[in-house]
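Okay, here's what each chain looks like letter by letter:
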Amino acid sequence: MFFNILPLALVDGIAYACLLFLVSMGLTLIFGVMGILNVAHGAFYAFGGYAAASFIIMIAPATESAWVPLISLFLVAIVVGTVLGGLMEFLLIRRTQAYDPILKLLLTFGALLMLEDIQRLIWGAQPYSASEVVNRLGNIELGNITYTTYQLVVVPVTALVAYVGLEYFLRRTNLGKQMVAVTHHREVAISQGINASKIGLITFIIGAVLGVLGGALASPTTSLVPGVGADMIVLSFAVVATAGLGQITGALVAALLIGIVRSISVYMAPEFEVAVPYIIMCLVLLVRPHGLFTVAQARTI
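What counts, and at which threshold
Residues numbered from 1 in each chain as written. Predicted model: local features only at pLDDT ≥ 70, side-chain atom pairs only at ≥ 80, totals over all residues. Heavy atoms only, no water. UniProt positions renumbered as here; feature names shortened; annotations may be inferred. Helix = DSSP H or I, 4+ residues; strand = E, 2+ residues; numbered from the N terminus. Expected span 1.5 Å × (residues − 1). Buried < 20%, exposed > 50% of the residue type's maximum accessible area, 1.4 Å probe, protein only. Pairing = 2+ DSSP bridges. Phe/Tyr/Trp six-rings, centres within 6.5 Å; stacked < 30°, edge-to-face > 60°. 1 Å grid on protein atoms, 1.4 Å probe; cavity = no way out; pocket = protein on both sides within 12 Å on 5 of 7 lines; lining within 4 Å. Points joined across faces, edges and corners; volume = space filled by probe spheres on them. Nonpolar A, V, L, I, M, F, W, Y, C, P; charged D, E, K, R; others polar. Core = buried A, V, L, I, M, F, W, Y, C linked by side-chain atoms within 4.5 Å. Contact = heavy atoms within 4.5 Å.

The protein is annotated in an unreviewed UniProt entry as Branched-chain amino acid ABC transporter permease from Pollutimonas harenae. For the protein, the Sequence similarities (unreviewed entry) comment in UniProt is given as "Belongs to the binding-protein-dependent transport system permease family. LivHM subfamily." A UniProt comment under Subcellular location (unreviewed entry) is attached to the protein, and it reads "Cell membrane".

Next comes the structure, spelled out in structure tokens:
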């Protein structure tokens, strides 16, 4: 029985893991460069999902193309992520950069609560979905199993392109190298003429766009309801803690691990589905308290 459900579980798990990775990648990028654990990141996911679903519902009757709604998901994510990330960094994060990390954590939690209230004011409590995107892209048959093209191709390819693009940006571009310099030592980077405020704004916008993109890509396959952002941020924290704070490649591996094991549990032991990500996180942290991919460093006492 296990080997019969394994292909289904793998595809479902990888698709879910890719969405989880996009959100976690934005979260870990912001923490790695700015040292801020942004609890409001879950609200970015929710806004992305609701905004994308609303836009698709609006434009779907005007076109029969499968590509227009699909491309719209990405355009909505870029616009909403840029606006939300830019405003939050400029109005809140920039003014609290020198604060204690715990206080910054509480401030972003407050931002999450405010954004969730704004979300309810705009979209109410009714569920939203952009399922028309999945329907128009059709299905793919592998053997005797039918998968949606969206689940099998679009979501994994998007996550892979985002990961490769971000790695290239950080390692090969001048702006990316400045981000890495700020990550290693902010004060030294500033002394070398790097504009840390500009780097912080760009970092936060990129992280926000990734979080919003995760929500936008989830909207065709998920019924969005109030509280979805809080659920996603908790799962993202599990991924980031499992991988190690600030580890982008580690977040990819951790997301795949959590996504696939969770999917297998849905088929084999559904009563453990909710607990699986946190069981994996706890087991990893018991063995490696800093996460799978973080190297512990000596500190002066």
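Here the narrative resumes.
A short note on helix 2 (residues 41-59)
For the α-helix, the turn length of 3.6 residues means that residues three or four positions removed from each other point alike. An ideal rise of 1.5 Å per residue puts 27 Å on 19 residues; helix 2 measures up with 27 Å between its terminal C-alpha atoms. Among the 19 residues that make up helix 2, 15 are buried, leaving the element largely enclosed by the rest of the structure.

A closer look at the pairing of strand 2 (residues 145-148)
Strand residues, when the strand is regular, have side chains that alternate between the two faces of the sheet. Of the pairings in the sheet, the one linking strand 1 (residues 139-142) to strand 2 comprises four bridges and is antiparallel in character. Its bridge partner lying in strand 2, L142 is registered against I145. In textbook terms, the turn of a hairpin is the stretch between consecutive antiparallel strands, and for strand 1 and strand 2 this stretch comprises two residues, one of which, G143, has a positive phi near 70°.

What to know about the UniProt feature "transmembrane region" (unreviewed entry) in the protein
As recorded in UniProt, the sites labelled "transmembrane region" (unreviewed entry) are residues 14-37, 44-62, 68-93, 105-125, 145-170, 199-218 and 275-296. Secondary structure within residues 44-62 divides into 84% helix and 0% strand; the distance between the first and last C-alpha atoms comes to 28 Å. The distance from the first to the last C-alpha atom of residues 145-170 is 39 Å, and the span holds 85% helix and 15% strand.

Side note on the packing of aromatic side chains
Inspection of the entire model under this criterion finds five aromatic pairs. When the centroid spacing of 6.0 Å and the interplanar angle of 65° are considered together, the rings of F21 and Y163 count as edge-to-face. In this pair, F21 is assigned in helix 1 (residues 2-34) and Y163 in helix 6 (residues 149-172), connecting sequence segments 142 residues apart. Just as F21 is buried, Y163 falls in that class too. Aromatic side chains Y50 and W123 sit 5.1 Å apart centroid to centroid with 25° between the ring planes, which places their arrangement in the stacked category.

What to know about the layout of surface pockets
Over the atoms a probe the size of a water molecule is rolled, and this reveals where empty space is left. Put simply, the largest pocket is a space of about 990 Å³. What lines the largest pocket is a set of 34 residues, among which G32, T183, L245, G246 and Q247 lie closest to the centre. Of all elements in the fold, only helix 1, helix 6, helix 7 (174-184), helix 10 (228-243) and helix 11 (248-268) reach the threshold of two or more residues within the lining of the largest pocket. The element contributing the most residues to the lining of the largest pocket is helix 1, with six residues. A class-by-class count of the residues in the lining of the largest pocket yields 17 nonpolar, 14 polar and three charged.

Focus on the nonpolar core
Core analysis: the biggest nonpolar cluster contains 80 residues, and L22, M25, F44, L73, Y150 and L166 have the highest contact counts within it. In terms of residue count, helix 1 provides more of this core than any other element does, twelve residues in total. Not counting chain neighbours up to four residues away, the residues in contact with L22 comprise A159, A162, L210, G211, L213, G214 and L217.

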